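Breakdown of the fold
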Amino acid sequence: MLYWIWLTQINGLGPIRQRALLEKFNTPENIYRASLEDLLECNGIGHKTAERIIEERSLEKAKRILDKTEKLDIRLLNLDNPLYPFEAKSINEMPILIYYKGNIIKNSMGVAIVGSRRCSEYGKMVTNSAATYLANEKICVVSGMAKGIDGYAHTSCIKSGGYTIAVLGNGLDICYPSEHMELMESIIENGAVISEYPPGVKPDSKRFPRRNLLISAWSYKILVVEAGVKSGALITANYGKQYEREVLALPDSIYRQESMGSNRLIYDGAKIYLYEEQLLIDNRYESKIVENKDDKQLVNLDETEKKIIEILLNEGEKTLEELSILTEMDMMQLVEKLSFMELEDKVIIRGSVVNVQ
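This write-up is about the structure you can find in this document. (Residues numbered from 1 in each chain as written. Predicted model: local features only at pLDDT ≥ 70, side-chain atom pairs only at ≥ 80, totals over all residues. Heavy atoms only, no water.)

1. Overview of the state of the cysteines
Under the defined criterion, the tally for this structure stands at zero disulfides. Of the cysteine sulfurs around Cys-119, a residue in no disulfide, the closest is that of Cys-157, at 17 Å. The exposure class assigned to Cys-119 is partly exposed, which follows from its relative accessible area of 21%. (Disulfide = S-S within 2.5 Å. Buried < 20%, exposed > 50% of the residue type's maximum accessible area, 1.4 Å probe, protein only.)

In structure tokens:
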């Protein structure tokens, strides 16, 4: 791991150019030993950068970092490690090396729950419910261990016996905020705390956007519970949109500062969060409908909605005209019902064709 640490500590060399070098030279050790001429043949590596790589050809700093990680029981995860989720490491901006404490399990991608530090009782209640649900469904809860929504998400997940990952914007020898020391220890016991920063790196607001990038990349979906107009949760959501993650936002009062950002997300196209089944990943939402199609409370379906969903699940997508005939509904009534179902993320309407979400 020594050469991986060395590569990440070269001033001015970010993940994208680190990956370009790895693509050409295969290993960090080969980069370390490359000549100036060979380095200049790499895409994106100019003369100044190549000279800097040569100038910083010393392993002393990397050795000090590695010694610290061993003393602090901090492990390292590089791009070659199969525990680094493919969906996360395939994003070029993601770090080539991650520090972590705890256990990173196979298939650790999950659902992010993020939001305001000054959350309301409503936000806390929704967060606790969502995190508990994810824990019971064996889906990882990803968040940033901040005060408020983040902390409640981790705590509720752990209390329900779930697995959770906290992404930090500092070295793992530092607990930030300091009052979350007990929570941090619980996360390490029931999941992992991860960071792209080596031990000794202190919290800095300039590093938080990178932390938010990691949260979004490590998640299939992002639930924004409450967020102000300049919230870090919005940065996470924006990264999520960029990386084609599904972003859900909790609707709330238009008069609350802490909800202006999350309400704006909905206005800009994020899905409205209405019920817990929206947090399921892959095809598990459809499976839940099939397994519990007689339990209306669980899947929030009235009799008409149940009939529509069953037709679509059993026979595939239908046109509005076909659905009107099969459900024996007037076209105007059907369109009105489907419009509400689409808002609630139960169906998808593309032109005149309808299918399950």
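That shown, we press on.
2. Considering helix H11 (residues 208–217)
Counting buried positions along H11 yields nine of ten residues, so the element is predominantly enclosed. What H11 keeps buried is the set Phe-208, Arg-210, Arg-211, Asn-212, Leu-213, Leu-214, Ile-215, Ser-216 and Ala-217. (Helix = DSSP H or I, 4+ residues; strand = E, 2+ residues; numbered from the N terminus.)

3. With respect to the sheet that holds strand E11 (residues 347–350)
The antiparallel open sheet is built from three strands, whose spatial order is E10-E12-E11. Strands at the two margins of the open sheet, each flanked by one partner only, are strand E10 (318–319) and E11. Bridging between E11 and strand E12 (residues 353–356) involves four bridges; their strand directions are antiparallel. Bridged to Val-347 within E12 is Val-356. In the packing of helix H18 (residues 331–343) onto the sheet, the strands contacted are E11 and E12, and the crossing angle to E11 comes to about 115 degrees. (Pairing = 2+ DSSP bridges. Contact = heavy atoms within 4.5 Å. Axes fitted to C-alpha atoms, helices over the stretch in contact; angles between N-to-C directions.)

4. What to know about the packing of helix H17 (residues 320–327) against H18
Between H17 and H18, the least distance of the axes is 10 Å, while the angle of their chain directions is 105 degrees. Judged by the angle between their axes, H17 and H18 are roughly perpendicular. Residue-level inspection shows Leu-320, Glu-321, Leu-323, Ser-324 and Thr-327 of H17 in contact with H18, the latter providing Met-331, Leu-334, Val-335 and Leu-338. For the contact of H17 with H18, a count of residues per class yields six nonpolar, two polar and one charged. (Parallel < 35°, antiparallel > 145°, perpendicular 65-115°, else oblique. Nonpolar A, V, L, I, M, F, W, Y, C, P; charged D, E, K, R; others polar.)

5. Some words on the pairing of strand E7 (residues 219–224)
Counting buried positions along E7 gives five out of six residues, so the element sits mostly inside the fold. In terms of strand pairing, strand E3 (residues 110–114) meets E7 through five bridges, oriented parallel. From the neighbouring strand, Gly-110 faces E7, where its bridge partner is Ser-219. Bridge count for E7 against strand E8 (residues 246–249) is four bridges, and the pairing is parallel. Directly across from Ile-222, in E8, lies its bridge partner Val-247.

6. With respect to the nonpolar core
With 76 residues, the main nonpolar core has Trp-6, Leu-7, Leu-21, Met-94, Met-145, Ile-194 and Trp-218 as its most contacted residues. What Trp-218 contacts, discounting residues up to four positions off in sequence, is Leu-77, Tyr-84, Pro-85, Ala-88, Met-94, Ile-98, Ser-108, Met-109, Gly-110, Val-142, Ile-165 and Ile-194. Of all hydrophobic cores here, the second largest spans 21 residues; its members include Ile-113, Val-126, Leu-134 and Leu-280. (Core = buried A, V, L, I, M, F, W, Y, C linked by side-chain atoms within 4.5 Å.)

7. A closer look at the environment of Val-229
Residue position: Val-229 is located in the loop between E7 and helix H12 (232–242). Taking the C-alpha atoms as reference points, Val-229 and Ser-259, separated by 30 residues in sequence, lie 8.0 Å from one another. Setting aside its immediate chain neighbours within four residues, Val-229 contacts Leu-234, Gln-257, Met-260 and Gly-261.

8. Quick notes on the sheet that holds E3
The strand order E1-E2-E6-E5-E4-E3-E7-E8-E9 describes an open sheet built from nine strands, whose pairing is mixed. Each of the sheet's edge strands pairs with one partner strand only, and the pair in question is strand E1 (75–78) and strand E9 (271–272). Sheet topology places E1 next to strand E2 (residues 97–102); four bridges connect them, and they run antiparallel. Bridge pairing in E2 links Asn-78 to Leu-97. Contacting E3, strand E4 (140–143) and E7, helix H8 (residues 121–136) crosses the sheet at an angle of about 170 degrees to E3. Seen against the sheet, helix H13 (residues 257–267) touches E7, E8 and E9 and runs at an angle of roughly 125 degrees to E8.

As far as function goes, none of this settles anything; it's purely spatial.
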